[in-house]
Each structure stands twice: as structure tokens, then as C-alpha cells.
Amino acid sequence: MMRNSATMTLYKPITIVPVGDVHTGSTRVPTSQIIRCLKFVYWRNLPSKEVDILVLNGDFFDRLLSYGSQDTLEIMAYQQSLLTIAKEQDTTIVIVDGTKSHDWDQMKSFLALNNGEDGIGARVKFFDKVEIDFDEKYGLYTLYIPDLKVDADEIWKRVQAELARHNIDQVDYAFVHGAFIHQLPPAARNSSQAHHSHDAERYSQIVKYYILANHVHTPTTYLKVEGGGSLDRLAHGEEHDKGYNMVTHLGDKAKIEFIKNPYSTIFKTLDVTGAATIDILQKVEDIVTSNVYNVPVNIRLVSDKMDEATQILKKLGNLFPHVKVTLDHRKKVKGSDTSSPISIEEISQKIVITPQNLADKLIERAVARAPNRRNRFESLLDQVIPRSKT
């Protein structure tokens, strides 16, 4: 049954802000810096009362953290503040589970702080499986797809089942943590990574407005898929603008705007091959003096081993003690910002093996070598290891 969402959507502006790939607890960027960027999204740039739905769209965490670590203490303080303000301002917090090797089920800590008799009591929704949710408050159907590391065709089947369950042909929005095929480098589009990557064409047919995607750290736009990228710079090679998407929904129309994050960590790559010491020092000083928001600075110097850059690393440390300077002895800079929307490093995730996914991982590896023998592989493996159905 096709539905007309215009008749089900309130005729008042609805502001939707998805933020993904935050990576608190990163070993490259201090958690305090990442939280500063998060507060820019919800405290500084937009009055919190104007944000109706804030979506934490996966990879809020970078790694599994210990309870008593400084990172965890800073994150918990932020979580409590976020939930408290959300309750005061009647903001809905939506949480989409991210990549297992990053989030490690730690997103559930939001629920532990919020729910229960002694919880904060904000309006929070949590999604760790493929699900369509109808929000009666805003009159919107929304599809949620966490990063399940399941074959993309299987995910699509689950999406179709959810559409049938709600007796609809189309949702208003989709929030996805996972890559789309168009975001992969050409060389990776026929690899095993492609089996987990979604098809923008078919999802654009079942989503009326926007598909808000995270997982790829570079912002991308294709058909209805809007990849917001990571909120902050997290590594060298991410020298492009960082920020987040903001959707304004009014009646039967929606518009999207990319909001630049001025507090992004600085990662700069300088090709100083053959450069004199005085010129290198000047280039570094120029970067440092341009740091008006006092954010962390990381500089990578690319040079040959015999260049002067190799000899002045200690001097740079003395002159700029708060700047992290590294050397890369390559003959050519491999592009601080490549033309490809995503790098191989970005799509190479840690493989998490569990009793539930062992068989699926073996099938995936076998099919990558001989795609036309999938049925045979599955038949043989099912005799010894049952495959996950979740």
C-alpha cells in the first residue's frame, strides 16, 4: 500500500541531525576534543530546543574501553549531559548500532543511564537490527539499518519484510551505518567488501526523502544517499571539511544542509622533499598560527631520508611542543585528499569472530574465491556448523 506521508507529517518544521563516526576513545584524537565537536552540534551551533531528532548513527565509540579509563569518564559525563538536555528540550535521541569492532555494544550505555526508575528519562530509541519505526509524534516512517556485517542482499530481504509488516511501500527516511557500493574505490567494487555494501539505486526507490549514511568518513552525495562523513578529522588523509548534515522537514518537503565543523582536529601533510630547514619551520609555523580554535595539530612531513626534515624533528618538538609531527619517507605524497570517496584503509575493518558468525565468515571467504559455488559451500558447511539466522 503506497502512503502519502504529507497527510501523516505535522505541518511544522522538524529538524533532524544525524551524527556518526564520532569515535570517542580514539587513540589518535583526544576524547575531550571529540566531545567538544559533539557539543558544537547540539549546544553551540543550534539552540538545543530547535533540534527535534538527534541521531547517533553508529561508531560513537572507537574501541572497547575499560570502565575506569579517563576516556570512559569523559564520555559518561557527556552522555549524562546530553540526555539531560534532551529531556529538558524534548529532543528525541535515536541510537543506531555501528561496527562491532568499534562500538562493541557500548552504545547500550545510553540506555543504562536513561532508562529505569533512576534513569534520566529522555525520549530515546535504540536500534541494533533492521527495523522500520513509525514515530507518532512526528508522523514519520523511518528505516534503521545498523552495521550487522551481513550480506547486503540479506539485509535487503529484511527491509522488504519490514515494509510488508507495516503494509507500506516507502519510508520517509533511512538511517544506515554501512557503506554503499558507489562509495567504494573502483578496485573494491568486486571484492568481498562489496557483498556487504548497499545499493543506492534500490534504496532510493523505497525512501521518499533522504538516506542518511555513515561508516565512510568522507562526505558523499549520490541519488538520495547523503553520507555525512565523520564529525572530526581522525587521521592523516582526512584534510577535507568535516561536519554533519542537518535536515529540515516541513510538510511534504525536506531540505538538507552540510554544517561545517570549525573545531575539527588539524591533520596536515606537507611535502618537504628537498626543502631547507627555514622553509620547513615556516610552513609548520603557518599551520600553528592559523589554529584559531586551539584544536590538536598533527603534521606529517613527507621527504627523502637524506633531506633536512629528517634532522630537525627534535627541533620542531622543542619549538612546537603541542604539535605532533611525524616523518614519512616517501618520494611522493599519495594525496592528502584523494579523488576516491573512500580509501582502502577506511573500508578495511577488523574482523570480529564469534560463535554466531563463524560459519558466515567462512562462507564469505569461500564465495569470494568461487562466487558460483555458494550453494555447494553452504550445503557442506551446514552439515558441521549451523549458520547464523540473525
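Scroll up to find the structure.
All of these numbers come straight from a predicted model, not from anything done at the bench.

Caption draft 1: The arrangement of the sheet that holds strand β14 (residues 297–302) in detail. Taken together, the three strands give an open sheet; going across it, the order is β13-β14-β15, and neighbouring strands pair in parallel fashion. Each edge of the sheet is formed by a strand with only one pairing partner; in this case those strands are β13 (266–271) and β15 (323–328). Taken pair by pair, the neighbouring strands of this sheet meet at an average axis angle of 20 degrees, ignoring direction. Across six bridges, β14 lies against β15 in parallel orientation. Looking at β15, one finds that R300 is bridged to T326.

Caption draft 2: Representation of the sheet that holds strand β6 (residues 140–145) in the model. Ordered in space as β5-β6-β7-β8-β10-β9, the six strands form an open sheet in which the pairing is mixed. The two strands at the open ends of the sheet, each matched to only one other strand, are β5 (131–135) and β9 (220–222). In this sheet, adjacent strand axes meet at a mean angle of 20 degrees when their direction is disregarded. Pairing geometry for β6 and strand β7 (residues 171–177), over four bridges, is parallel. When the bridges of β7 are listed, Y144 appears paired with F175. The strands touched by helix α5 (residues 152–166) are β5, β6 and β7; relative to β5, the strand with the most contacts, the crossing angle is about 35 degrees.

Caption draft 3: Just the packing of aromatic side chains, in detail. Applying the stated criterion across every chain yields a total of twelve aromatic pairs. Three or more aromatic residues joined by ring pairs make a cluster, and in this case those are F40, Y244, Y263 and Y293.

Caption draft 4: Layout of the pairing of β5. Relative to β6, β5 is paired through five bridges, and the arrangement is antiparallel. Paired with D133 across the bridge in β6 is T142. Hairpin remark: β5 followed by β6, antiparallel, with four residues in the connecting loop; positive phi at G139, about 65 degrees.

Caption draft 5: Structural detail: the side chain of N57. With respect to the element layout, N57 can be found in strand β2 (residues 53–57). Given the relative accessible area of 0%, N57 is considered buried. Within the structure, the side chain of N57 is placed 3.0 Å from the side chain of N214, a separation counted as a polar contact.

Caption draft 6: Structural view of the environment of T269. Mapping T269 onto the fold places it in strand β13. With relative accessibility at 12%, the residue T269 sits in the buried group. T269 sits 30 residues away from I299 along the chain, and the two C-alpha atoms are 5.8 Å apart. One polar contact links T269 to R300, side chain to side chain, over a distance of 2.9 Å.

Caption draft 7: Region of the structure containing α5. With 15 residues, α5 should reach 21 Å at 1.5 Å per residue; the first-to-last C-alpha distance of 21 Å fits that figure. A152, I155, W156, R158, V159, E162 and L163 are the residues of α5 that are buried. Along the axis of α5, the buried positions cluster into a sector of 160 degrees, meaning they face one direction only. Seen from the buried face of α5, the exposed residues on the opposite side, beyond 90 degrees, are K157, A164 and R165. Where α5 begins, the capping side chain belongs to D151, and its oxygen is found 2.9 Å from the backbone nitrogen of D153. Looking one or two places after α5, you find N167, whose phi comes out positive at around 60 degrees.

About the thresholds
Residues numbered from 1 in each chain as written. Predicted model: local features only at pLDDT ≥ 70, side-chain atom pairs only at ≥ 80, totals over all residues. Heavy atoms only, no water. Pairing = 2+ DSSP bridges. Helix = DSSP H or I, 4+ residues; strand = E, 2+ residues; numbered from the N terminus. Axes fitted to C-alpha atoms, helices over the stretch in contact; angles between N-to-C directions. Contact = heavy atoms within 4.5 Å. Phe/Tyr/Trp six-rings, centres within 6.5 Å; stacked < 30°, edge-to-face > 60°. Buried < 20%, exposed > 50% of the residue type's maximum accessible area, 1.4 Å probe, protein only. Polar contact = N/O pair within 3.5 Å; in protein donor to acceptor, adjacent residues only side chain to side chain. Expected span 1.5 Å × (residues − 1). Arc of directions from axis to C-beta.

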